[in-house]
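Here is what each chain is made of, one letter per residue.
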Amino acid sequence: MNLSLSDIVPPLRWTAPSQVEPIASDPGLPDAWWQALPLGRACAAVGTGQVASRLADLTTACWAHLVLGDILPLLRFTHPEESLQTPGPRESVRDLYVEVIDKLLATEPVGEQAGAPVPPALPDRPMPEVIDEIFARLDDRQRAIARDRLYFDTSLHPGQAQRATLDELAQRFSVTRERIRQIERDLRDHVAGWLNGPSAAPLNAHLSWLRTRLGSAVPADDLAAAVPWHRTELITLAIPAWRFVRTLLTGYEQVDGWMIAGGADELRDKTRQLFADGPRPLEEAVSLVAQLGIREDVADRWLASVPHLRVMDGHIVPWPRSMGDKAEAVLTVAHAPLTPEDIQGRIGEDYSLVGIRNQLAADERFIRLDRSKYGLRSWGGDEYLGIREMIIREIERAGGEASVSTVVDNLTSHYDVSESSIRAYAGGPGFERTQRGYIRVAGQDQAEPYQPRRDVSMTRRCFRSRDGRWWHRVDVNAEHLRGSGSPLPTGFAAHLGMAPGGQLTASTASGEVVISWHNQPTIGSIRHVLAEYNASEGDHVFLTVSDGGELLTRFLPAAGAGLPAINHALHLIGYTAPVASEAEGLRLIGARIGLPEGSVREDVLDRLRERGDRDIIRFLP
């Protein structure tokens, strides 16, 4: 017998050699023996039990998702019931393989020449004629039921014709639906009986080959193109042969244009698990899914079809649900800083540019590496902090004072900032000249930070989010829309680290916003921010400044008419999700204004009165 193990175990032919070799190698056999050595000689060298053990190990490690009949098609004839099951315990699988291999070796004729080729089991007439033989003696009613119900394929008529129902066929032939059901059952039994007979041997051999050809998942139209005769019309049923063949491929389901062995959800989950550690190059990804029985020529299409995976820049990327996780995936693949606009374009979904900017600024995974570019904090590198803060950083690195030229050279070589802007900031408030002409941070002998009369938790229209940041609510009016500056509460300004006489420059994608404190804290024009939101009078913008000096904003349109009182109060603290009760709403308000967990209604109302949030109190009678 000249058959190798690969000849009787189809998955050996499409599983990557790098997966097979560590498991199947045996010190008593040559390299790649499963392909190069006749099965009889391999068994004679190490014993049938050892060969079966290696095959059982491969089954457990690589093909546990396949039914046994797909791994060793001979089982369909020797053990029909077991052949339809997925592998069980390793020892029971091994014993099953030993039995089948022994039977196969026992069939070898005594006088067979060692090198004689095994003749293929080919029919003596075209395969469609062989299949037509099944239906040749059926009457018109039986053929109609076979054509319009048993072998109907909805993918050929999307949104149009549907598989005939029992009632439709019963009405067509003036019989009961139970009679149609009986005829359908008889047809199935008739086909099953024929498949167990000798006339079906060529077709059964073709089905075994076809399962190997298809693998674990294949585009559904691949079945029609697998061999030329699949497209040939069956004379008896007036349908292409592949539609009949499709029904014989038990264990496959057709989902979203794919034929998938086993369960679609299971195979998709296994595919996603391969990329749990992050993006992989496409070439590597193709090799990985080959472990699941997916052919290399369809692997890229399979990967693109699996939910929560995406093909991006030659990589397969786990594609999670949150915006932050998607931005992280984009930067991981790019491996270079990107602008928020670039990240938005690569995500390609309905995320606002403002939302992406806020996420990049607020999420610790990201770091601003230039005026308009972000990267991953894990890459390292100096953070872009705003020109004033970066000048301070350069001065600190130089030991407390530095020449303006050195600061200019260092910053312009690393960041997209102009020399004139750096010199303007260096000559402005917050810096002073030393005797030798260098600059240092002004007022370094000031010891204590400014203490406002009221801290931020006691400041009107200031609210704490779940991440611990405090935000100030700006109620948009005509002056804001015209571009005028507006006052900020002293408690909020002090929370940002400011003090009387100080100035803070916060950056945005469309320019810088200056917060200064002379007689009282004042924020400059936010007109360009409001324009991005298309804001109107009565809308709200919640704002704060990140540790990196970026102005973070959240937009909230004015509350709609008819909103329940508790929801209106929550709207003013920036909370828009539904709540189960007024008590739940009061708990949320208490948390947002800095009260401890367990505070009661009166505690919340007292704190709101003390802060001056009368607009909220009027919705909490």
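Reading the values: rules and limits
Residues numbered from 1 in each chain as written. Predicted model: local features only at pLDDT ≥ 70, side-chain atom pairs only at ≥ 80, totals over all residues. Heavy atoms only, no water. Phe/Tyr/Trp six-rings, centres within 6.5 Å; stacked < 30°, edge-to-face > 60°. Buried < 20%, exposed > 50% of the residue type's maximum accessible area, 1.4 Å probe, protein only. Helix = DSSP H or I, 4+ residues; strand = E, 2+ residues; numbered from the N terminus. Contact = heavy atoms within 4.5 Å. Polar contact = N/O pair within 3.5 Å; in protein donor to acceptor, adjacent residues only side chain to side chain. Pairing = 2+ DSSP bridges. Axes fitted to C-alpha atoms, helices over the stretch in contact; angles between N-to-C directions. Salt bridge = Lys/Arg side-chain N within 4 Å of Asp/Glu carboxyl O. pLDDT = per-residue confidence, 0-100. Parallel < 35°, antiparallel > 145°, perpendicular 65-115°, else oblique. Nonpolar A, V, L, I, M, F, W, Y, C, P; charged D, E, K, R; others polar. Core = buried A, V, L, I, M, F, W, Y, C linked by side-chain atoms within 4.5 Å.

A look at the packing of aromatic side chains
Move 1: Applying the stated criterion across every chain, the model contains 8 aromatic pairs.
Move 2: Between the aromatic rings of Trp-33 and Trp-34, the centroid separation amounts to 5.9 Å while the plane-to-plane angle is 80 degrees, which identifies the pairing as edge-to-face. Trp-34 shares its class with Trp-33; the two are buried.
Move 3: Summarising the aromatic geometry, the rings of Trp-258 and Trp-302 are spaced 5.3 Å apart at their centres and angled 75 degrees between planes, so their arrangement reads as edge-to-face. With Trp-258 in strand β5 (residues 258-261) and Trp-302 in helix α20 (residues 296-305), the pair connects residues that are 44 residues apart, well separated along the chain.
Move 4: Pairwise contacts between aromatic rings join Phe-135, Tyr-151 and Phe-244 into one cluster.

Points about the environment of Arg-280
Move 1: Take Arg-280: it is sitting in strand β6 (residues 280-281).
Move 2: Judged by relative accessible area, Arg-280 falls into the partly exposed class, the value being 21%.
Move 3: Considering only alpha carbons, one finds Arg-280 and Val-333, 53 residues apart in sequence, at a separation of 8.8 Å.
Move 4: Beyond its immediate chain neighbours, meaning those up to four positions away, Arg-280 contacts Leu-274, Phe-275, Leu-288, Gly-314, His-315 and Ile-316.
Move 5: Reaching out from Arg-280, the side chain makes a polar contact with the side chain of Glu-284 at a distance of 2.5 Å.

Digging into the pairing of strand β14 (residues 470-475)
Move 1: When you tally the buried positions in β14, you get 5 out of 6 residues, the bulk of the element.
Move 2: Judged from the 3 bridges that link them, strand β13 (residues 462-464) and β14 form a sheet pairing that is antiparallel. Along β14, the bridge assignment pairs Arg-464 with Trp-470.
Move 3: Taken together, β13 and the strand that follows it, β14, pair antiparallel across an intervening segment of 5 residues, in which Gly-468 is found at a positive phi of about 90 degrees.
Move 4: Where β14 meets strand β19 (residues 540-545), 4 bridges bridge the pair, whose relative direction is antiparallel. Directly across from Asp-475, in β19, lies its bridge partner His-540.

So, the sheet that holds strand β1 (residues 217-219)
Move 1: Ordered by their spatial adjacency, 3 strands build an open sheet running β1-β5-β4, and the pairing between neighbours is antiparallel. In this open sheet, the two strands that pair with only one neighbour each are β1 and β4 (252-255). On average, each strand axis in the sheet is tilted by 25 degrees relative to the strand beside it, whichever way the strands run.
Move 2: Relative to β5, β4 runs antiparallel, the two sharing 4 bridges.

Structural notes on the pattern of salt bridges
Move 1: Under the counting rule described, the total for this entry stands at 43 salt bridges.
Move 2: Salt-bridge contacts for Glu-284 lead to Arg-280; the nearest nitrogen and oxygen are separated by 2.5 Å.
Move 3: The salt bridge involving Asp-363 is made with Arg-365; its shortest N-O contact spans 2.7 Å.
Move 4: Residue Asp-363 is classed as buried on the basis of its relative accessible area of 15%.
Move 5: The class for Arg-365 is partly exposed, based on a relative accessible area of 27%.
Move 6: Put simply, Asp-26, Arg-54, Asp-57, Arg-90 and Glu-91 are held in one network by salt bridges that share partners.

Regarding helix α19 (residues 282-290)
Move 1: Ala-285, Val-286, Leu-288, Val-289 and Ala-290 are the residues of α19 that are buried.
Move 2: As for α19, its buried residues are in contact with α2 (11-14), α18 (264-273), β6, α20 and β8 (315-318).

Side note on the confidence of the model for the protein
Move 1: For the protein, the mean per-residue pLDDT works out to 86, and 94% of the residues sit at or above 70.
Move 2: Within the protein, the element-level pLDDT minimum falls on helix α4 (residues 33-36), averaging 79, and the maximum on β14, averaging 96.
Move 3: For residues 109-122, every residue scores under 50 in pLDDT, and the model assigns this stretch 6 contacts once sequence neighbours within four places are set aside.

Thoughts on the side chain of Thr-59
Move 1: With respect to the helices, strands and loops of the structure, Thr-59 is situated in helix α6 (residues 48-62).
Move 2: Thr-59 gets classed as buried once you look at its relative accessible area, which sits at 0%.
Move 3: Residues within four places of Thr-59 in sequence aside, it is in contact with Ala-64, Ile-71, Pro-87, Val-93 and Tyr-97.

Describing the packing of helix α15 (residues 201-214) against helix α17 (residues 241-248)
Move 1: It is at 11 Å that the axes of α15 and α17 come closest, and there the two elements cross at 75 degrees. Classified by the angle between their axes, α15 and α17 sit roughly perpendicular to one another. Between α15, through Leu-203, Leu-207, Leu-210 and Arg-211, and α17, the contact on the second element is made entirely by Phe-244, Val-245 and Leu-248.
Move 2: Looking at the contact of α15 with α17 residue by residue, the classes come out as 6 nonpolar, no polar and 1 charged.

Overview of the environment of Gly-40
Move 1: For Gly-40, the location among the structural elements is in helix α5 (residues 39-46).
Move 2: Judged by its relative accessible area of 25%, Gly-40 is partly exposed.
Move 3: Here the alpha-carbon distance between Gly-40 and Leu-104, two residues 64 residues apart in the chain, equals 9.4 Å.

Focus: the nonpolar core
Move 1: Formed by 44 residues in total, the largest nonpolar core has its most connected members in Ile-131, Phe-135, Tyr-151, Leu-203 and Phe-244.
Move 2: Where this core is concerned, the elements lending two or more residues are α11 (127-135), α12 (140-150), α13 (166-173), α14 (177-195), α15, α16 (221-225), α17 and β5.
Move 3: When residues of this core are assigned to their parent elements, the largest contribution, 6 residues, is made by α14.
Move 4: Once you skip the residues sitting within four places of it in the chain, Ile-131 turns out to touch Leu-203, Trp-229, Leu-234 and Phe-244.

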